[in-house]
Amino acid sequence: AQSVAQPEDQVNVAEGNPLTVKCTYSVSGNPYLFWYVQYPNRGLQFLLKYITGDNLVKGSYGFEAEFNKSQTSFHLKKPSALVSDSALYFCAVRPPGNNRLAFGKGNQVVVIP
Amino acid sequence: NAGVMQNPRHLVRRRGQEARLRCSPMKGHSHVYWYRQLPEEGLKFMVYLQKENIIDESGMPKERFSAEFPKEGPSILRIQQVVRGDSAAYFCASSRDSGYQETQYFGPGTRLLVL
């Protein structure tokens, strides 16, 4: 069965510093990987996805993520964090042949002014 | 272009009542997915529907829960005889196609509270 691990409960970063949110996955075959962000009392907003091709994927709001097959990781990154980036971030995987998304438990990001 | 719409946004029910949650997909999308988010947890898949068809309901509880996506109108997630453990946020997502590379776009959710 597929699974997603987001090992850190909360990520604290100073405004202007680089932001990294970690995600590792376990799935048979080549996965499709997604990042979503959730603001308080809101739905999930799509940030970016990896399907195939270049391992570095660029997404919305200056975010990017790097697919690393050997480490089964898909870490989310932003070079310079903003206070408005404070939110809950979810990594998700869609295994081959399956339409459902399997989500990690989420990481709370707090950007300190 | 309107996004995924869900209503109501908040729903309060007493134990034993029925809850009906509605989801209208994005324009041009004919695939709908329902997920449940329990407090302090990630989203869990419940069911995947296309117009008039349930494609995958492997995440649905066996009893009290049902879903439909009629030819006309929104998708409905129905919970009969609600219990306190049903309190959660229920999210609907839609996609344009069934391809595995397709992005699922989420609605704002319905937060169900069972008293």
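Before reading on, note that the structure itself is shown above.
In this report, we go over the structure that sits alongside the text.

Cut-off values and rules
- Residues numbered from 1 in each chain as written.
- Chains lettered and ligands numbered in written order.
- Predicted model: local features only at pLDDT ≥ 70, side-chain atom pairs only at ≥ 80, totals over all residues.
- Heavy atoms only, no water.
- Helix = DSSP H or I, 4+ residues; strand = E, 2+ residues; numbered from the N terminus.
- Rg over C-alpha atoms; globule rule 2.2 N^0.38 Å.
- Buried < 20%, exposed > 50% of the residue type's maximum accessible area, 1.4 Å probe, protein only.
- Contact = heavy atoms within 4.5 Å.
- Buried area = accessible area lost by both parts, 1.4 Å probe.
- Salt bridge = Lys/Arg side-chain N within 4 Å of Asp/Glu carboxyl O.
- Disulfide = S-S within 2.5 Å.
- Polar contact = N/O pair within 3.5 Å; in protein donor to acceptor, adjacent residues only side chain to side chain.
- Pairing = 2+ DSSP bridges.

**Notes on the overall build of chain A**
Piece 1. Within chain A, the regular secondary structure consists of 0 helices and 12 strands.
Piece 2. In chain A, the succession of α and β elements from N to C terminus is β-β-β-β-β-β-β-β-β-β-β-β.
Piece 3. In terms of overall dimensions, chain A is globule-like: its C-alpha atoms have a radius of gyration of 13 Å, near the 13 Å expected for 113 residues.
Piece 4. Each principal axis of the C-alpha distribution contributes one length, and for chain A these read about 45 × 30 × 20 Å.
Piece 5. A total of 113 residues make up chain A; the buried ones form 45% of that total.
Piece 6. Residue pairs in contact within chain A that sit at least 24 positions apart in sequence constitute 56% of those at least 6 positions apart.

**Some remarks on the interface of chain B and chain A**
Piece 1. Chain B puts 24 residues into the contact, and the matching count from chain A is 21 residues.
Piece 2. Across the chain B to chain A interface the summed buried area is about 1,900 Å²; carbon plus sulfur atoms make up 50%.
Piece 3. The three residues of chain B that bury the most area against chain A are Leu43(B), Tyr100(B) and Phe106(B), which together make up 31% of that side's buried surface.
Piece 4. The interface formed by chain B and chain A contains 1 salt bridge.
Piece 5. Between Asp56(B) and Arg100(A) there is a salt bridge, with the nearest N and O atoms lying 3.0 Å from each other.

**Describing the state of the cysteines**
All names here are of chain B.
Piece 1. A full pass over the atoms with the stated rule returns 2 disulfides over all chains.
Piece 2. The partner cysteine of Cys23 in its disulfide is Cys92, sulfur to sulfur 1.8 Å. Its torsion about the S-S bond being -50°, the disulfide of Cys23 and Cys92 is classed as left-handed. Taken together, the residues span a long stretch of sequence, with Cys23 in strand S3 (residues 19-24) and Cys92 in strand S9 (residues 88-95) at a distance of 69 residues.
Piece 3. Cys23 sits in the buried class, given a relative accessible area of 0%.

**Observations regarding the pattern of salt bridges**
Piece 1. Under the counting rule described, the total for this entry stands at 9 salt bridges over all chains.
Piece 2. When the shortest N-O distance is used, the salt bridge between Glu66(A) and Lys77(A) registers 3.8 Å. Taken together, the residues span a long stretch of sequence, with Glu66(A) in strand S8 (residues 64-68) and Lys77(A) in strand S9 (residues 73-78) at a distance of 11 residues.
Piece 3. Residue classification places Glu66(A) among the partly exposed positions, given a relative accessible area of 39%.
Piece 4. Here Lys77(A) falls in the partly exposed class, since its relative accessible area comes to 31%.
Piece 5. Two residues, Asp86(B) and Arg64(B), come together in a salt bridge whose shortest N-O distance is 2.7 Å. One end of the pair, Asp86(B), is in the loop between strand S8 (75-79) and S9; the other, Arg64(B), is in the loop between strand S6 (53-56) and strand S7 (65-68), with 22 residues separating them in the sequence.
Piece 6. Judged by relative accessible area, Asp86(B) falls into the buried class, the value being 3%.
Piece 7. Within this structure, Glu18(B), Arg20(B) and Arg78(B) form a network of salt bridges that share partners.

**Description of the side chain of His29(B)**
All names here are of chain B.
Piece 1. Relative to the helices and strands, His29 resides in the loop between S3 and strand S4 (31-37).
Piece 2. In this structure the side chain of His29 is engaged in a polar contact, spanning 2.8 Å, whose partner is the side chain of Ser94.
Piece 3. In contact with His29, not counting residues within four places along its chain, are Ser94, Ser95, Arg96 and Tyr105.

**Remarks on the environment of Cys23(B)**
Piece 1. A sequence separation of 12 residues divides Cys23(B) from Tyr35(B), and the C-alpha atoms of the two residues are 12 Å apart.
Piece 2. Apart from residues no more than four positions distant in its own chain, Cys23(B) is found in contact with Val4(B), Met5(B), Gln6(B), Val32(B), Trp34(B), Pro74(B), Ser75(B) and Cys92(B).

**Description of the pairing of strand S6 (residues 44-50) of chain A**
Consecutive side chains of a regular strand alternate in pointing toward one face of the sheet and then the other.
All names here are of chain A.
Piece 1. Where strand S5 (residues 32-38) and S6 come together, 6 bridges link them in antiparallel fashion. For Leu33, the partnering residue across the bridge sits in S6 and is Tyr50.
Piece 2. Here S5 folds back onto S6, and the loop between the two strands holds 5 residues, one of which, Asn41, carries a positive phi near 60°.

**Quick look at the pairing of S7(B)**
Residues and elements named next belong to chain B.
Piece 1. In S7, alternate side chains face the same way, and those of Phe65 and Ala67 are buried while those of Ser66 and Glu68 on the opposite face are not.
Piece 2. Where S7 meets S8, 4 bridges bridge the pair, whose relative direction is antiparallel. Directly across from Phe65, in S8, lies its bridge partner Ile79.
Piece 3. Between S7 and S8, which pair antiparallel one after the other, the connecting turn spans 6 residues, and Gly73 there sits at a positive phi close to 100°.

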